[in-house]
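The chain contents come next:
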Amino acid sequence: NAGVMQNPRHLVRRRGQEARLRCSPMKGHSHVYWYRQLPEEGLKFMVYLQKENIIDESGMPKERFSAEFPKEGPSILRIQQVVRGDSAAYFCASSPQEKLFFGSGTQLSVL
Amino acid sequence: DAKTTQPPSMDCAEGRAANLPCNHSTISGNEYVYWYRQIHSQGPQYIIHGLKNNETNEMASLIITEDRKSSTLILPHATLRDTAVYYCIVRPPFYNQGGKLIFGQGTELSVKP
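Not measured: the values here are computed from a predicted model.

About the cut-offs
- Residues numbered from 1 in each chain as written.
- Chains lettered and ligands numbered in written order.
- Predicted model: local features only at pLDDT ≥ 70, side-chain atom pairs only at ≥ 80, totals over all residues.
- Heavy atoms only, no water.
- Disulfide = S-S within 2.5 Å.
- Helix = DSSP H or I, 4+ residues; strand = E, 2+ residues; numbered from the N terminus.
- Buried < 20%, exposed > 50% of the residue type's maximum accessible area, 1.4 Å probe, protein only.
- Pairing = 2+ DSSP bridges.
- Axes fitted to C-alpha atoms, helices over the stretch in contact; angles between N-to-C directions.

S.K.: If you had to explain the state of the cysteines to someone new, which residues and values would you point to?
M.R.: Put plainly, two cysteines are in a disulfide when a covalent bond ties their sulfur atoms together. Across all of its chains, the model carries two disulfides over all chains by this definition. Disulfide pairing places Cys23 of chain A opposite Cys92 of chain A at an S-S distance of 1.7 Å. Judged by the sign of its S-S torsion, about -50 degrees, the cystine formed by Cys23 of chain A and Cys92 of chain A is left-handed. One end of the pair, Cys23 of chain A, is in strand 3 (residues 19-24); the other, Cys92 of chain A, is in strand 9 (residues 88-95), with 69 residues separating them in the sequence. Assigned by exposure class, Cys23 of chain A and Cys92 of chain A land together as buried. Across a sulfur-sulfur distance of 2.1 Å, Cys22 of chain B and Cys88 of chain B are joined as a disulfide pair. Its S-S torsion of about -80 degrees marks the bond between Cys22 of chain B and Cys88 of chain B as left-handed, since a negative value means left-handed. With Cys22 of chain B in strand 2 (residues 18-23) and Cys88 of chain B in strand 8 (residues 84-91), this pair connects stretches of sequence that are 66 residues apart. For Cys88 of chain B, a relative accessible area of 1% translates into the label buried. Take Cys12 of chain B: it sits in no disulfide, and the sulfur closest to it among the cysteines is that of Cys22 of chain B, at 18 Å. By relative accessible area, Cys12 of chain B is classed as buried at 9%.

S.K.: Mind laying out the sheet that holds strand 1 (residues 9-13) of chain B, listing which residues take part and the relevant values?
M.R.: Residue and element names in this part refer to chain B. The strand order 1-9-8-3-4 describes an open sheet built from five strands, whose pairing is mixed. Bordering the open sheet on either side are strand 1 and strand 4 (45-50), each of which pairs with just one other strand. On average, adjacent strands in this sheet sit at an angle of 25 degrees to one another, irrespective of strand direction. Note that strand 8 and strand 9 (residues 107-112) share three bridges and pair antiparallel. Counterpart to Tyr86 in the pairing with strand 9 is Thr107.

S.K.: An account of the sheet that holds strand 8 (residues 75-79) of chain A is requested, with residue identities and associated values reported.
M.R.: Residues and elements named next belong to chain A. The strand order across the open sheet built from four strands is 1-3-8-7, with neighbouring strands paired in antiparallel fashion. Among the strands making up the open sheet, the edge pair consists of strand 1 (5-7) and strand 7 (65-68). When strand polarity is set aside, the average angle formed by the axes of neighbouring strands in this sheet is 15 degrees. Across three bridges, strand 1 lies against strand 3 in antiparallel orientation. Across the sheet, the residue bridging to Gln6 is Cys23, located in strand 3.

S.K.: Lay out unusual backbone geometry in plain terms, naming residues and giving numbers.
M.R.: Residues and elements named next belong to chain A. A cis geometry characterises the amide bond from Asn7 onward to Pro8, with omega recorded as -5 degrees. In this structure, Pro8 sits in the loop between strand 1 and strand 2 (10-13). Of note, the phi angle at Gln81 is positive, near 45 degrees, even though the residue is not glycine. Take Gln81: it is sitting in the loop between strand 8 and strand 9.

S.K.: Outline the pairing of strand 4 (residues 31-37) of chain A, listing residues and values.
M.R.: Residue and element names in this part refer to chain A. Of all seven residues making up strand 4, seven are buried, and the element is well covered by its neighbours. Burial of strand 4 is two-sided: the residues His31, Tyr33, Tyr35 and Gln37 facing one way and the residues Val32, Trp34 and Arg36 facing the other way are all buried. Bridge count between strand 4 and strand 5 (residues 43-50): seven bridges; the pairing is antiparallel. In the strand pairing of strand 5, Val32 is matched with Leu49. Remark: five residues form the turn of the hairpin made by strand 4 and strand 5, two consecutive strands paired antiparallel; Glu40 in that turn has positive phi of roughly 60 degrees.

So this is what it looks like as structure tokens:
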């Protein structure tokens, strides 16, 4: 059973471009969570999704950030018009229920 | 905000037991104590969780005080690969708010030869 798969592993964008981060949950997991870790800081919750539904987006910035988890395919975290402050590691986790399993993350660098 | 307090850092000699404390004095009766760790640059890894009783698995033991206001994670024979940041997290049951975890600053454990 493959773990949580995130791609790309590293993503470089120039200011103003869009970044799309993908997360394929473990087989059978219907809950997906996104976290952001800024340099030298802790993990911050962003959003919790189930298939086709956003359950909790209390940690999402109000502008430029969106997330989806469609019926088919991976969960996508989309950042529009990236700025240097968006440079961070973005981790995705999935769960059947109680325990979260994390992916290896996407390191986003904004030039 | 995180509902737990942990020392920012600890050292442990290789082969010895590592005892990581956590205070959660405001824990509610139905909230669980979870432990995760993050090895440098990797995604967090689940270690163990419990409600009231002490728990043990292949990775660690979790000791929860009778009043549930504090707990200790025990790595029985620490190795260099156990060097990581360890997070103690208090969380309601899944049916309350799903599996959402709120991470604090954690304890940076350094295992030394």
